[in-house]
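One-letter residues, chain by chain:
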Amino acid sequence: MMKKSQISFFIIAGILIFIAFSFFAYLNDLESEKSKTEPKSTYFDIAPVKNFVESCLREKSLEALEFTGSKGGYYNDPVFGVDYLYRKVPYYYNMGGNLTPTIEFVEESVSDYIEDSISLCINDFIAFPGFEISGGEINADALLSGDKVVLRLNYPIAVKQGNSTANLEDFAVELPVRFIDLYDTGLQITGLQIEDSDNICLSCLTDIAISNNVSISLENYNEDTILFKVALNTTVQNYEVMQF
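Residues numbered from 1 in each chain as written. Predicted model: local features only at pLDDT ≥ 70, side-chain atom pairs only at ≥ 80, totals over all residues. Heavy atoms only, no water.

### Quick look at the overall build of the protein chain
For the protein chain, the count of helices and strands is five helices and 15 strands. Looking at the protein chain residue by residue over its 244 residues, the buried ones come to 48%. Here the analysis covers contacts within the protein chain between residues at least 6 apart in sequence; of these, 71% occur between residues at least 24 apart. As displayed, the protein chain offers around 12000 Å² of accessible surface, 48% of which is attributable to carbon and sulfur atoms. (Helix = DSSP H or I, 4+ residues; strand = E, 2+ residues; numbered from the N terminus. Buried < 20%, exposed > 50% of the residue type's maximum accessible area, 1.4 Å probe, protein only. Contact = heavy atoms within 4.5 Å. Areas by Shrake-Rupley, 256 points an atom, 1.4 Å probe, with all protein chains shown as cover.)

Next up, the structure:
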């Protein structure tokens, strides 16, 4: 157990905590969820358009998890936080206060990132010169649950080729990423400091890491701030590492 008195201001001012998340994402095994809305008045194959939108959804969903993870579950800059690796990360515990975001807030942050960025990937459908494609309002919804993340996109589009028109609206992808374990680990670390703000229980951190199958590292950010980094463990060899 490490005494906080070893670092100035810990006992007086308390410890400031912020969490930076990391995870291992597997691109080879990603599965798309079937669209809820079937094409209407289809006289031509619009499957490539649907697959294209879902590939953009998958790409931006991975980016969203990486970006919000590196900012402790935030998309926009937190009110209370510090600059770290060109990003502002939030305090989870400060002066005795619990500042952890709710899981709904984190899901909304992921959704906001997708909504603001997916149009860059779609790029006005210039990849389909033989079609006339118009799109409506984009609404994303993220669900962090168990060993996966489900991303749904409501994006009504009309696809026209010659005299034929088809419509698509709902798209979805499922990513095998245990993002929820990163979030739960952050909650548990914060809970330890709320229970005992004068010490950092290293053995407790080890137990949390084993329980959630994650790795936890500590870094002294400054004289009164400690950074906890959380990353997913994996035994799979074929993966793309996303470190943030």
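What follows picks up the thread again.
### What about the side chain of Asn199?
With respect to the helices, strands and loops of the structure, Asn199 is situated in strand S12 (residues 199–200). Owing to a relative accessible area of 10%, Asn199 belongs among the buried residues under this scheme. Reaching out from Asn199, the side chain makes a polar contact with the side chain of Asp196 at a distance of 3.0 Å. (Polar contact = N/O pair within 3.5 Å; in protein donor to acceptor, adjacent residues only side chain to side chain.)

### Some thoughts on the packing of helix H4 (residues 179–195) against helix H5 (residues 202–212)
Here H4 crosses H5 at 160°, and the two axes come no closer than 10 Å. The pairing of H4 with H5 is recorded here as roughly antiparallel in orientation. In the crossing of H4 with H5, the sense of the turn from one axis to the other is right-handed. On H5, the residues that touch Asp181, Thr185, Gln188, Ile189 and Leu192 of H4 are Cys204, Leu205, Ile208 and Asn212. Looking at the contact of H4 with H5 residue by residue, the class counts come to five nonpolar, three polar and one charged. (Axes fitted to C-alpha atoms, helices over the stretch in contact; angles between N-to-C directions. Parallel < 35°, antiparallel > 145°, perpendicular 65-115°, else oblique. Left-handed = near helix turned anticlockwise from the far one by under 90°. Nonpolar A, V, L, I, M, F, W, Y, C, P; charged D, E, K, R; others polar.)

### A look at the pattern of salt bridges
Opposite charge on two side chains permits them to pair, given that their charged atoms come into close proximity. Going through the model one piece at a time under the given rule, you end up with seven salt bridges. Here Glu174 makes a salt bridge to Lys148, at a shortest N to O gap of 3.7 Å. Of this pair, Glu174 sits in strand S11 (residues 164–175) while Lys148 sits in strand S10 (residues 148–161), and the two are 26 residues apart along the sequence. Residue classification places Glu174 among the partly exposed residues on the basis of a relative accessible area of 26%. By relative accessible area, which is 32% here, Lys148 ends up partly exposed. (Salt bridge = Lys/Arg side-chain N within 4 Å of Asp/Glu carboxyl O.)

### Topic: the packing of aromatic side chains
Applying the stated criterion across every chain yields a total of nine aromatic pairs. Ring centres of Phe52 and Phe128 lie 5.3 Å apart, and the angle between their planes is 75°; on these two criteria the pair is classed as edge-to-face. Within this pair, whereas Phe52 is found in helix H2 (residues 47–70), its partner Phe128 is found in the loop between helix H3 (103–122) and strand S8 (132–135), the two being separated by 76 residues in sequence. On the numbers, 6.0 Å between centres and 75° between planes, the contact of Phe128 with Phe131 is edge-to-face. For Phe128, a relative accessible area of 12% gives the class buried. Cluster of aromatic residues (ring-pair linked, three or more members): Phe52, Phe125, Phe128, Phe131 and Tyr155. (Phe/Tyr/Trp six-rings, centres within 6.5 Å; stacked < 30°, edge-to-face > 60°.)

### Remarks on the environment of Asn222
Its place among the elements puts Asn222 in strand S13 (residues 214–222). Looking at Asn222, its side chain comes within polar contact range of the main-chain nitrogen of Asp224, at 3.0 Å. A polar contact of 2.9 Å, which involves the side chain of Asn222, links it to the backbone nitrogen of Thr225.

### Some details on the state of the cysteines
A complete count under the given rule lists two disulfides for this structure. Residue pairing for Cys56: its cysteine sulfur links by disulfide to Cys121, the two sulfurs lying 2.2 Å apart. The sign of the -75° torsion about the S-S bond sets the Cys56-Cys121 disulfide as left-handed. Taken together, the residues Cys56 in helix H2 and Cys121 in helix H3 connect sequence positions 65 residues apart. The burial state of Cys56 is the same as that of Cys121; both residues are buried. Across a sulfur-sulfur distance of 2.2 Å, Cys201 and Cys204 are joined as a disulfide pair. Note on the Cys201 and Cys204 pair: the S-S dihedral is about 70°, so by sign convention the disulfide is right-handed. For Cys201, a relative accessible area of 14% gives the class buried. Described in terms of the sequence order of its bonded cysteines, the disulfide pattern of the protein chain is 1-2, 3-4. (Disulfide = S-S within 2.5 Å.)

No statement about biological role is implied by the geometric values presented.
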